[in-house]
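Geometric and topological summary
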Amino acid sequence: MAQEELEIEIDATGKVTVTTKGIKGPACLDVVKALAQALGREDALELTPEYYEAHITGQASAKQHQGR
Amino acid sequence: MSAVVVVTPLIIGGWPVITAAVSAAVASMGFVAVNATQDVQARVSTKNRTEIEVEDSDVFQEGLNQEIVVERDGVRATFSRDARGALKLCMEGEHLSKGELKKLGEELLGRVTQQFVYHKLVNELGERHMNVIEESVGEDRTIRIRVRGA
């Protein structure tokens, strides 16, 4: 399992960008949303391929179980 | 990558926390704290003056003396809590236009916000048992932090 990391940037105006690394699936949202809520107001959220990777894998696995 | 979130910071806190952020920010821009009672009234009338209110802020009411005054090269910046509880910055200076004072004030407030957010972030990460493994400040003053779960 990949090491879970966050990359956080605070620009000169205080705006914050949080990027998750190695956290697959919806779990990554829990982390960034909790931080966003603590720091201010969420302006934008982008889900990247890794998010869907685990989600799709999970769904495929569930379908296989249902098919048996 | 999994998710990217962009957050507009909110300055919400007591005066001591605000003071810490202001102190760190103004020092990085060469401002020094001055006694608020020093001939302020005598100098104000001869200066250009502009006020900036931080909309995304809520400073808790804690006692009467909620004001920080700093100066650099004849420019005076006064941070205070306004009647509605927002953080307010008053910029005064004899040699700068109102536009120049406003621009400088906005830069100062940006640094204050950055410092406030940085300290809040570090506290939040600590509470979540996450460790800072790398930290740097770019030429554009952006703070970059890499964090790893414990």
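Structure report, in brief. (Residues numbered from 1 in each chain as written. Chains lettered and ligands numbered in written order. Predicted model: local features only at pLDDT ≥ 70, side-chain atom pairs only at ≥ 80, totals over all residues. Heavy atoms only, no water.)

1. Describing the overall build of chain B
- The number of helices and strands found in chain B is three helices and ten strands.
- Reading chain B from its N end, one meets helices and strands in the order β-β-α-β-α-β-β-β-β-β-α-β-β.
- Summarising its shape, the C-alpha atoms of chain B cover approximately 55 × 35 × 25 Å along the three principal directions.
- Out of the 150 residues belonging to chain B, those deemed buried represent 46%. (Helix = DSSP H or I, 4+ residues; strand = E, 2+ residues; numbered from the N terminus. Buried < 20%, exposed > 50% of the residue type's maximum accessible area, 1.4 Å probe, protein only.)

2. Notes on the interface of chain A and chain B
- If you look at the interface, chain A gives 40 residues, while chain B gives 34 residues.
- Summing both sides of the interface, chain A and chain B together bury roughly 3,400 Å²; the carbon and sulfur share of this comes to 57%.
- Where chain A touches chain B, the interface holds four salt bridges.
- Between Glu 5 of chain A and Arg 148 of chain B there is a salt bridge, with the nearest N and O atoms lying 2.5 Å from each other. (Contact = heavy atoms within 4.5 Å. Buried area = accessible area lost by both parts, 1.4 Å probe. Salt bridge = Lys/Arg side-chain N within 4 Å of Asp/Glu carboxyl O.)

3. A word on the sheet that holds strand β4 (residues 48–54) of chain B
Residue and element names in this part refer to chain B.
- With respect to topology, five strands assemble into an open sheet ordered β3-β6-β7-β8-β4, the strand pairing being antiparallel. Each of the sheet's edge strands pairs with one partner strand only, and the pair in question is β3 (32–33) and β4.
- Pairing of strand β7 (residues 75–81) with strand β8 (residues 87–93), which is carried by seven bridges, proceeds in the antiparallel orientation. Bridged to Ala 77 within β8 is Met 91.
- Against the sheet, helix α3 (residues 98–127) contacts β4, β6 (67–72), β7 and β8, and its axis sits at roughly 35° relative to β4. (Pairing = 2+ DSSP bridges. Axes fitted to C-alpha atoms, helices over the stretch in contact; angles between N-to-C directions.)

4. Comments concerning the pattern of salt bridges
- According to the stated counting rule, one finds 14 salt bridges over all chains in the structure shown.
- Across the pair Glu 134 of chain B and Arg 146 of chain B runs a salt bridge, and its minimum N-O distance is 2.7 Å. Taken together, the residues span a long stretch of sequence, with Glu 134 of chain B in strand β9 (residues 130–137) and Arg 146 of chain B in strand β10 (residues 143–149) at a distance of twelve residues.
- Within this structure, Glu 5 of chain A together with Glu 134, Arg 146 and Arg 148 of chain B form a network of salt bridges that share partners.

5. Topic: unusual backbone geometry
Residues and elements named next belong to chain B.
- In the Ramachandran plot, His 129 falls in the positive-phi region, its phi being about 55° despite a non-glycine side chain.
- Along the chain, His 129 turns up in the loop between α3 and β9.
- Phi at Arg 141 is positive, roughly 75°, even though this residue is not glycine.
- Positionally, Arg 141 belongs in the loop between β9 and β10.
- On the basis of relative accessible area, Arg 141 is assigned to the partly exposed category, the value being 33%.

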